[in-house]
Amino acid sequence: MPESASYSSRFQNQADVEAYESREYGKASYATHVWQWQRPILQRIIQDSLRGRKAPARLLDFACGTGRVLACVESLVAVAEGIDLSENMVARARAKCRQARLKVGDILSQPDLLQPAYEVITAFRFLLNVEPALRRRVLLKLRAVAREPDGLLILNVHGNSRSLRHPAVLWRRWREAARPTGAMLNEMSPAETKGLLRASGFEIVRQFGFGLLPPTLYRTPLRHPASVVDKLFAGDNLWRNCSIDLMFVCRPV
Ligand SMILES: C[S@@+](CC[C@H](N)C(=O)[O-])C[C@H]1O[C@@H](n2cnc3c(N)ncnc32)[C@H](O)[C@@H]1O
């Protein structure tokens, strides 16, 4: 049994894997829109950080899931690794990735899963939903294997409590209390994330924001104009602290 048992059990069964791939990342879903804006920025950050480097670079995609992120970044480095607790999620990643080395296990109880000194570590859609007590423990493990002093941690928090999604989350929490569905309704603010990163030995060097408008619009005929507006405001700009989906670029301190 992994130490991080409750969030980890969420993606263990095949039905959850299918739902993640076909519903959460369905063709026109909100998450797919966000990823379309995020992907080129992520690739550019990694390319820029490795430009001019002579030695081969090593990347870890922590909690790689079905390989969505890993498949898009593996070709940018000499060695790409993905680690996740769910065998079923990793089975999908194996089918998507061409060269990444994929491992199933818990970095808290199996430190041998990690290599020393990664140039780049990515961790997408993990931190927000994992139990708060585990967040710092996992970040400290990642800190211990981030290359000094120039390794990058690129961390995604996909529910900003300071965004326009917040009222809908409050409403859904209220409904959830009456009729529980198991929906994940966690949120973190940019300041909270910054404090956690700092306490784990990372400093934020850049922050990007994606999605200003309420995601419910993407389930209406207003989807197209909403996506045009959100695309326009995506990135490292004045609006990043009130965007729904946040991407932090961090260095070890
Ligand atoms: C929402 S999915 C995100 C997957 C991928 N990073 C992405 O953005 O598409 C969360 C993933 O975290 C994994 N996970 C949960 N707890 C974990 C842990 N303690 N160690 C490694 N992976 C974990 C789950 O198995 C699941 O695949």
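1. Considering the overall build of the chain
- When helices and strands are counted, the chain shows nine helices and seven strands.
- Over its C-alpha trace the chain gives a radius of gyration of 18 Å, about what one expects of a compact globule, namely 18 Å for 253 residues.
- The dimensions of the chain, computed from C-alpha atoms along their principal axes, are 50 × 40 × 35 Å.
- By residue count, 51% of the 253 residues in the chain fall in the buried class.
- Look at the contacts in the chain between residues 6 or more apart in sequence, and 75% of them connect residues 24 or more apart.
- On the chain, roughly 12400 Å² of surface is accessible, and the fraction owed to carbon and sulfur atoms is 54%.

2. Some remarks on the environment of I107
- Within the secondary structure, I107 sits in the loop between β3 (101–104) and β4 (120–123).
- Among the residues examined, I107 registers a relative accessible area of 1% and is labelled buried.
- Those residues in contact with I107, other than ones at most four positions away along the chain, are F62, I83, L113, L114, V138, K141 and L142.

3. Brief notes about the pairing of β3
- In this sheet, β3 lies alongside strand β2 (residues 79–84) in parallel orientation, the contact comprising four bridges. What sits directly across from G82, in β3, is L102.

4. Structural notes on the sheet that holds strand β6 (residues 202–210)
- In spatial order, the strands read β3-β2-β1-β4-β5-β7-β6; together these seven strands make up an open sheet with mixed pairing. With one partner strand each, in any of the chains shown, β3 and β6 form the two edges of the open sheet. Looking at each pair of strands side by side, their axes are set apart by 15° on average, direction ignored.
- Judged from the five bridges that link them, strand β1 (residues 58–62) and β2 form a sheet pairing that is parallel. By the bridge assignment, D61 is partnered in β2 with G82.

5. Here we look at the nonpolar core
- Ranked by internal contacts, the top residues of the largest apolar core, which has 72 residues, are L42, F62, L153, I154 and L155.
- Top element by residues in this core is helix α3 (residues 30–50). It accounts for nine residues.
- Apart from the residues within four sequence positions on either side, L42 is in contact with W35, V69, V73, T122, F124, I154 and M247.

6. Some words on the packing of aromatic side chains
- Tallied over the full model, the rule gives seven aromatic pairs.
- With 5.6 Å between their ring centres and 85° between their planes, F233 and W239 make a pair best called edge-to-face.
- Owing to a relative accessible area of 28%, F233 belongs among the partly exposed residues under this scheme.
- Exposure remark for W239: the relative accessible area of 41% places this residue in the partly exposed category.
- For the cation-ring pair, R68 lies above W35, with the distance from its terminal atom to the ring centre recorded as 4.5 Å.

Here is what the cut-offs are and how they apply
Residues numbered from 1 in each chain as written. Predicted model: local features only at pLDDT ≥ 70, side-chain atom pairs only at ≥ 80, totals over all residues. Heavy atoms only, no water. Helix = DSSP H or I, 4+ residues; strand = E, 2+ residues; numbered from the N terminus. Rg over C-alpha atoms; globule rule 2.2 N^0.38 Å. Buried < 20%, exposed > 50% of the residue type's maximum accessible area, 1.4 Å probe, protein only. Contact = heavy atoms within 4.5 Å. Areas by Shrake-Rupley, 256 points an atom, 1.4 Å probe, with all protein chains shown as cover. Pairing = 2+ DSSP bridges. Axes fitted to C-alpha atoms, helices over the stretch in contact; angles between N-to-C directions. Core = buried A, V, L, I, M, F, W, Y, C linked by side-chain atoms within 4.5 Å. Phe/Tyr/Trp six-rings, centres within 6.5 Å; stacked < 30°, edge-to-face > 60°. Lys NZ or Arg CZ within 6 Å of the ring centre and 35° of its normal.

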